[in-house]
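Here are the chains, one letter per residue:
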Amino acid sequence: MATRARQAWRHRSAETSSTIFLILRRMRAPLIVLITIFAVSVLGLTLIPGRDAAGQPTRMGFFDAFYFMSYTATTIGYGEIPQPFTGAQRLWVTATIYLTVVGWAYAIGSLLTLLQDRAFRQALARQRFTRTVSRLREPFLLIVGYGQTGQLLGRKLDAIGRRFVVLDVSGDRVDALDVDSYHADIPGLAVDAGDPRALGLAGLEHPQCEGVLALTDDDEVNLVVTMTAALVRPDLPVIARTVSPAIDRRMRAFGSPRVVNPFDRFGDHLGLALRAPSSYRLMSWLEDGPGADLPARGRPPVAGRWVVCGYGRFGRKLTEDLRREGLDVRIIDVRPDAGPEDAIVVGDASEPAVLARAELEQAVGFVAGTDNDTTNLSLIAAARRINPSLFIASRQNRPASAPLFAAMDTDRLLVPTEMVAREIYAQLSTPLLWRFLQDVPARGDDWAAGMITRITRQCGRCLGDVWKVALSRRDAPALEPHLRADGATVGALLRSPRDREQRIAAVPLLLQREAEAILGPGDDVALVPGDQLLFAGRPSARRDLLDTVTHHAVSEYVLRGRSVPSGWLWQRVTGRVPHGR
């Protein structure tokens, strides 16, 4: 800890020294000119003889000359002089006044030029940024890349009270941090994150840094960030984005980062939607976060031919996932060597003849997967003219194209930035939620359908809060005595503090007990100290549950049906004391 503090201090000292050196270097000539004019003016006043009140010759001392030139050159003009000036002295002062005006104009102009200099402004911004980061006293995440993914994730993290620091190569994106409606001030720096030193400036070695998110649209930069974090802070969690399988393997060679590939995830989700539509629906709902509406029912066709246009990274991965589900896939690409000869149709998919060769009339699914949004939109329109009953999946590359794809009303839409943001948010917001999402597919589609029914019956079709409750002495002081004495059940914990015969609007999603995880625990499951529970429900239910686990009088009523005073003095007077106290 002390070594890192010294290193951070050295970084700040180096940034301060570089800024001062830049100022002195750019202002060297103006300062020399000003000092020279001032020195010559003072020297001249001391050499030119004057006369005292008796008419005798006299000379002005250096201190008096310096004092006179100070208030004259600074335009203050007190008018205080030892003796009236002679003509020669007045002539000299007239000349020095014009000289100082020229000197000040030169110095002020140079200073204004310096203030507009890009290098100087960057140096000041870097110094201010490092100073702000060094003063952080609460845990924060280091977000590298503040594009659409970073912005979406930043708003979600800010909504749950998580602090973060931003690095991005674009100055405009960093400047937008000052005008975005965040609850807290977000430190940001415009810098090339491919330089490992930039991560040091952003607090990689700060003791409060709790994780690094590499979210740039450059896989090589994300790889550098992952490598730097693994070498400098091996214990620090790292989440990185990539679309390249090769980069994915190189990232995993450094420690154990969590790598998010939107192309892989889309294919996995589509495969899950094919074989377990309710599981996919439940996972999508929870990944979208608070305020999300329950996704509409919909299931891709599980039999028949699919046509995939574009056999790049996305098309190749999606084709593998579809074939893994036992589906027949036909590929359309302009490159003759893009795929297997027996499955590829070479040509431009926007041409009707090419689509006819792909036998689109007999297909059940169509994927527009090129890296050009206008091409994908035109492919969708052409495919629907030929076969209106097609299940349409598409890839959206640019945020500006969102209204056009919304108007197209595709059945499945991959927006890589949004998919990455949703998955990372699920991992960061509550680790128990990520564990729940990982285990949902193994429970089966019927179980997922039942869980959706439970949530909608208790909380409605709009997802409220998702939160964790730890049954420890620190987080649940009012509940801990009951757990150690005769225990409590999940159902008892969900009784309303106002009327224990009623149930609060919350559903338990997961019970974590050491290494064991129980998904969707029933009301009769007994609780023990140290358990962690994941709930989904309305904000009012979250407040009620907080009262139950923290207020002894409330927990006594909810668990035992006894009404006890909340004040210590009145408890002693009436003799009604909460259990365990």
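Heads up: these notes are all about the structure in this document. (Residues numbered from 1 in each chain as written. Predicted model: local features only at pLDDT ≥ 70, side-chain atom pairs only at ≥ 80, totals over all residues. Heavy atoms only, no water.)

A few words on the environment of Asn-387. Mapped onto the elements, Asn-387 comes out in the loop between helix 15 (373-386) and strand 13 (391-395). For Asn-387, a relative accessible area of 7% puts it in the buried group. On a C-alpha basis, the gap between Asn-387 and Pro-295 in space is 25 Å, while along the polypeptide they are 92 residues apart. Discounting chain neighbours no more than four positions away, the residues touching Asn-387 are Leu-360, Glu-361 and Ala-363. (Helix = DSSP H or I, 4+ residues; strand = E, 2+ residues; numbered from the N terminus. Buried < 20%, exposed > 50% of the residue type's maximum accessible area, 1.4 Å probe, protein only. Contact = heavy atoms within 4.5 Å.)

Let us now look at helix 4 (residues 87-116). Here helix 4 spans 44 Å end to end across 30 residues, near enough to the 44 Å set by a 1.5 Å rise per residue. Within the sequence span of helix 4, burial applies to Gln-89, Val-93, Thr-96, Thr-100, Gly-103, Ala-107, Ser-110 and Leu-114. (Expected span 1.5 Å × (residues − 1).)

With that settled, consider the nonpolar core. Soluble globular proteins tend to pack their nonpolar side chains together in the buried interior. Leu-282, Leu-286, Phe-436, Leu-437, Trp-447, Leu-509 and Leu-534 are the most contacted members of the largest nonpolar core, which has 31 residues in total. Listing elements by their share of this core, those giving two or more residues are helix 11 (262-275), helix 12 (277-288), helix 18 (431-443), helix 19 (445-459), strand 17 (506-513) and strand 20 (532-537). Leave out the neighbours within four places in its chain, and Leu-282 touches Phe-436, Val-440, Trp-447, Ala-448, Met-451, Ile-452 and Ile-455. Leu-136, Leu-236, Ile-247 and Met-251 belong to the second-largest nonpolar core, a separate cluster that totals 29 residues. (Core = buried A, V, L, I, M, F, W, Y, C linked by side-chain atoms within 4.5 Å.)

Okay, helix 18 next. In this model, helix 18 (13 residues) spans 19 Å end to end at C-alpha, consistent with the 18 Å of a helix rising 1.5 Å per residue. Looking at helix 18, one finds that the buried residues are Leu-432, Leu-433, Trp-434, Phe-436, Leu-437 and Val-440. Downstream of helix 18 by a residue or two, Gly-444 has a phi angle that is positive, lying close to 95°.

For the pair helix 11 and helix 12, interaxial distance at closest approach is 5 Å and the crossing angle is 135°. What the angle tells us is that helix 11 and helix 12 run oblique. Contact residues: helix 11 offers Arg-265, His-269, Leu-272, Ala-273 and Arg-275, while helix 12 offers Pro-277, Ser-279, Tyr-280, Met-283 and Glu-287. A per-class count over the contact of helix 11 with helix 12 returns 5 nonpolar, 2 polar and 3 charged. (Axes fitted to C-alpha atoms, helices over the stretch in contact; angles between N-to-C directions. Parallel < 35°, antiparallel > 145°, perpendicular 65-115°, else oblique. Nonpolar A, V, L, I, M, F, W, Y, C, P; charged D, E, K, R; others polar.)

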